[in-house]
Amino acid sequence: MPGLVDTHIHASQYSYAGTALDMPLLQWLNTYTFPVESHFKDLEFANKVYTQVVRRTLRNGTTTACYHATIHTEASLLLGQIANDFGQRALVGKVCMDRNNFVKHYKETCQESQEETCRFIAELLNKKYPRVKPVVTPRFALSCTDALLGQLGAIAKNNNLHIQSHISENVEEVKLVKDMFPESESYTHVYHKYNLLTDKTVMAHGCYLTDEELSLFRETGASLSHCPNSNISLCSGVLNVRNVLKHKVKLGLGTDVAGGYSASMLDAVRRALDSSKVLTIQDPEHETLTFEEVFRLATLGGSQALSMDDQTGNFEVGKDFDALRVNVAAPDGPIDLIQCDGTKILLEKFLNLGDDRNIAEVFVAGRKVVPFTDKNE
């Protein structure tokens, strides 16, 4: 089957994945996230965490990942090197933030952020990694001044780069953005004003986007990353995927580690189905997503959201061979086969019940990257 595409994951948060899910987004960032991310100035610590997260995501079948790192340039470059060494297709972003009133030592000045972003982009591109590229990464509007947002938009435009950030994740965040940017019509217009909404932009969450904002996403070609685990785990909201698709906005799935507690895209598939069913419980007229639709979001939808569908996402002739060889009947695996089932039923069983024990081999651009070689052990 095609490789899985994780359109939103914080590699720097992997060390505490599965814990710290006891408070809403903004308090969670200040209490857990920013203190942990500040440790990535220590390259030994960064190397340990980043090696583990790349290995884990590859074992879970993630052939393409869109990573947030931290504000630290050297550690962000190290994440790019590790992804390349293990053979994963990746976008890597050095996080940009010149506002942080709660953890004051974890932020940059506007000038530092601009200069280090340019250095990160230049040095990563100079490595000439075949499948690892930089992505311009303003953390989110609340963490950036107007000046920094404008500079990052210009950097992305001048270098024709991808952009990633967050939008409309929870109610408190949306209200604060409105207060901080009173001249903007909406959260979406804040990014649009600074040229950060392009056909190479992926924004995570979008739970509270209006129809007008979704129309602006469609007009600019920007995409959304649906992160259902973290949406639920941090009590942020529930994205109406059906409405996003109705507006013809590009959409993929994201694990959003560590707000999402699992680094497996199979978990993202399951949580996306659960979230859709919750909406149907609330409104019986809501059309629940099918497993086939969510499977598409985890593969081709993700590649479209990252503007990589010319390279990956399915087995169309001419694309790279990013693939998983799945053994649904793996010995001592999580799936019991009682009868001879067709391919569609086997796929549904794998999506709902499978795990890394069922993933026998992983290929990226035709190269077998799982099982790992001695070089990467």
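Structure's up top.
Model, not experiment: these values are computed from the prediction.

With that settled, the discussion passes to the pattern of salt bridges. Considering all chains together, one arrives at 17 salt bridges under this definition. A salt bridge links Asp267 to Arg271; the shortest N-O distance between them is 2.6 Å. In this pair, Asp267 and Arg271 are both assigned in helix α11 (residues 265-282), four residues apart and thus about one turn of the helix distant. Its relative accessible area of 9% is what places Asp267 among the buried residues. One connected set of salt bridges, linked through shared partners, spans Glu74, Glu116, Arg119 and Glu123.

Moving on, we get to the nonpolar core. The nonpolar side chains of soluble globular proteins are, as a tendency, buried together. One finds Tyr50, Tyr67, Tyr191, Phe217, Leu224 and Leu253 to be the most contacted residues of the largest nonpolar core, which totals 102 residues. Ranked by residues supplied to this core, first place goes to helix α3 (residues 73-86) with seven residues. Core analysis: the next-biggest nonpolar cluster, separate from the first, contains seven residues, Val5, Leu91, Leu306 and Met308 among them.

What follows covers empty space enclosed by the protein. Scanning the model with the defined rule gives two cavities of 30 Å³ or more in all. What the largest cavity holds in volume is close to 120 Å³. Along its surface, the largest cavity is lined by 14 residues, and His10, Leu25, Leu29, His166 and Glu169 are the ones closest to its centre. Elements supplying a minimum of two residues to the lining of the largest cavity: β1 (4-10) and α1 (25-37). The greatest single-element share of the lining of the largest cavity, amounting to three residues, is contributed by α1.

Cut-offs applied
- Positions within a chain are numbered from 1, following the residues in the order the chain's sequence is written.
- At least 70 in pLDDT is required for a residue's local features to be given in this predicted model, at least 80 for side-chain atom pairs to be given and counted, and no such filter applies to totals for whole chains, interfaces and linings, which use all residues.
- To get the side-chain values, take all heavy atoms of the structure and skip hydrogens and water.
- Salt bridge, as used here, is a side-chain nitrogen of Lys or Arg placed within 4 Å of a carboxyl oxygen of Asp or Glu.
- A run of DSSP states H or I qualifies as a helix once it reaches four residues; a run of E qualifies as a strand once it reaches two. Both are numbered from the N-terminal end.
- Think of it in three bands: residues with accessible area under 20% of the maximum for their type are buried, residues over 50% are exposed, and the middle band is partly exposed, with areas taken using a 1.4 Å probe on protein chains only.
- What is meant by a nonpolar core is a set of buried Ala, Val, Leu, Ile, Met, Phe, Trp, Tyr and Cys residues, joined one to another through side-chain atoms within 4.5 Å.
- Buriedness for pockets is judged along seven lines, at least five of which must meet protein on both sides within 12 Å for an open set on the 1 Å grid over protein atoms alone, while cavities are sets there where a 1.4 Å probe fits but cannot get out, and lining residues have an atom within 4 Å of a point.
- Grid points are joined across faces, edges and corners, and a volume is the space filled by probe spheres set on the points.

In short, the description is geometric, and any link to function would need to be established separately.
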